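Coordinate inspection notes
What follows is the residue order along each chain.
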Amino acid sequence: MATDMKALIDAAIKARDAAYAPYSNHPVGAAVLTTDGSVFAGANVENAAYPLGTCAEAGAISAMVLAGEREIAHVVVVGPGEATCTPCGGCRQKIREFAGPAGKPITICDKDGNILLETTSAELLPHAFGPENIDEAKG
Ligand SMILES: [Zn+2]
């Protein structure tokens with residue numbers, strides 16, 4: 001495994017270990033690599049009003065945006081077990097915003113960082129609505 005990939009997975013595991021998920025007991029970590037080579041991590045953060053929690057991917061994307069970066073190159077998600085912890089529907093749209101219409105790689109790992117699935121954002125959200133659709137509508 002390439003060093004960069006291992007670093008990305010390690011960042012997602014570290015984030016997962018810091019997650020706040022007392023209600024679901026389903027901690028998730030995500031790491032976003034940008035086209036500039038920066039890595040931003042996020043973890044899910046729950047609260048007593050269950051549906052109002054935020055996902056790991058959303059946290060990582062928020063950190064990326066706050067740092068002024070806008071282009072995702074790769075996303076790694078690490079769940080708490082052996083199941084394939086793919087991004088939820090809302091996160092697929094959030095990733096799409098910064099991954100472009102052609103899509104970028106998304107790697108899903110088990111709790112130990114072993115790769116379970118290698119896919120792309122375009123495969124996870126085909127025919128997605130994105131910023132280009134708004135531009136087209138403006139004419
Ligand atoms: Zn999500």
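Residues numbered from 1 in each chain as written. Predicted model: local features only at pLDDT ≥ 70, side-chain atom pairs only at ≥ 80, totals over all residues. Heavy atoms only, no water.

Notes on the UniProt feature "active site" (unreviewed entry) in the chain
- As recorded in UniProt, the sites labelled "active site" (unreviewed entry) are E57.
- Along the chain, E57 falls in helix α2 (residues 56-66).
- If we skip the residues at most four places from it in the chain, E57 touches A30, V77, T86, P87, C88, C91 and I95. (UniProt positions renumbered as here; feature names shortened; annotations may be inferred. Helix = DSSP H or I, 4+ residues; strand = E, 2+ residues; numbered from the N terminus. Contact = heavy atoms within 4.5 Å.)

Focus: the pairing of strand β3 (residues 72-78)
- Judged by how many residues are buried, β3 sits mostly within the fold: six of seven residues are covered.
- The pairing of strand β1 (residues 29-34) with β3 spans six bridges and is antiparallel. Looking at β3, one finds that G29 is bridged to V78.
- Where β3 meets strand β4 (residues 105-109), four bridges bridge the pair, whose relative direction is parallel. The partner of V76 across the bridge, within β4, is T107.
- Handedness of the β-α-β unit built from β3, helix α3 (residues 89-99) and β4 comes out right-handed. (Buried < 20%, exposed > 50% of the residue type's maximum accessible area, 1.4 Å probe, protein only. Pairing = 2+ DSSP bridges. Right-handed = clockwise from strand over helix to strand, strands pointing away.)

Points about the sheet that holds β3
- Here we have five strands laid out as an open sheet, ordered β2-β1-β3-β4-β5, and mixed in their pairing. Only two strands of the sheet have a single neighbouring strand rather than two, namely β2 (39-43) and β5 (115-120). With strand direction ignored, the average angle separating the axes of adjacent strands in the sheet is 15°.
- Summarising the sheet, β4 and β5 pair through five bridges and their orientation is antiparallel. Among the inter-strand pairings, C109 is bridged to a residue of β5, identified as I115. (Axes fitted to C-alpha atoms, helices over the stretch in contact; angles between N-to-C directions.)

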